[in-house]
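For reference, the chains in residue letters:
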Amino acid sequence: MKDLIVTIFGIYEPVTTAVYDASGAVVGQAVASGVAGVDWPYLAGILLFALVLYSFFRLLGMVLK
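Read on for an overview of the structure.

Criteria and cut-off values
- Residues numbered from 1 in each chain as written.
- Predicted model: local features only at pLDDT ≥ 70, side-chain atom pairs only at ≥ 80, totals over all residues.
- Heavy atoms only, no water.
- Helix = DSSP H or I, 4+ residues; strand = E, 2+ residues; numbered from the N terminus.
- Rg over C-alpha atoms; globule rule 2.2 N^0.38 Å.
- Contact = heavy atoms within 4.5 Å.
- Areas by Shrake-Rupley, 256 points an atom, 1.4 Å probe, with all protein chains shown as cover.
- Phe/Tyr/Trp six-rings, centres within 6.5 Å; stacked < 30°, edge-to-face > 60°.
- Buried < 20%, exposed > 50% of the residue type's maximum accessible area, 1.4 Å probe, protein only.
- Patch = residues over 30% accessible without salt bridge, like charges linked within 9 Å, V, L, I, M, F, W, Y side chains within 5 Å.
- Salt bridge = Lys/Arg side-chain N within 4 Å of Asp/Glu carboxyl O.

### Let's talk about the overall build of the chain
Along its length, the chain carries 2 helices and 2 strands. Taken from N to C terminus, the helices and strands of the chain fall in the order α-β-β-α. The C-alpha radius of gyration of the chain comes to 19 Å, more than 25% above the 11 Å expected for a compact globule of 65 residues. By principal-axis analysis of the C-alpha atoms, the chain measures approximately 70 × 25 × 10 Å. Considering only intrachain contacts with a sequence separation of at least 6, the fraction spanning at least 24 residues in the chain is 28%. Of the roughly 5,500 Å² that the chain leaves accessible, carbon and sulfur atoms contribute 72%.

### Focus on the packing of aromatic side chains
Counted according to the given criterion, the structure contains 3 aromatic pairs. Taking 5.3 Å as the distance between ring centres and 85° as the angle between the ring planes, the aromatic pair formed by F9 and F49 counts as edge-to-face. With F9 in helix α1 (residues 2–9) and F49 in helix α2 (residues 40–64), this pair connects stretches of sequence that are 40 residues apart. Arranged with centres 5.2 Å apart and planes meeting at 65°, the rings of Y12 and Y42 form a pair that is edge-to-face. With Y12 in the loop between α1 and β1 (16–20) and Y42 in helix α2, the pair connects residues that are 30 residues apart, well separated along the chain. Assessed through its relative accessible area of 15%, Y42 is described here as buried.

### Comments concerning a nonpolar patch on the surface
On the surface, M1, L4, I5, I8, F49, L53, F56, F57, L59, L60, V63 and L64 cluster together into a nonpolar patch covering about 1,200 Å² of accessible area. Sorting the residues of the nonpolar patch by element identifies α1 and α2 as the ones contributing at least two each. Broken down by element, the nonpolar patch gets its largest block of residues, 8 residues, from α2.

### Quick notes on the environment of I8
Along the chain, the position of I8 falls in helix α1. Residue class for I8 comes out partly exposed when judged on its relative accessible area of 44%. The sequence separation of I8 and I46 amounts to 38 residues, and the corresponding C-alpha distance is 9.3 Å.

Now the structure itself:
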């Protein structure tokens, strides 16, 4: 099931930000905290896919009724 989800939607990659030390040098990368770390286009794609799937089955149900 996980492979199917990754095939359809791709890999979820949260938004990362650079981590700096006291001198201002970049130390590494970290996931942005809170809502800023959410990959909104990925979640919007899943929501739109669910809406299209719902609409398709709703239409199919009306046609077969």
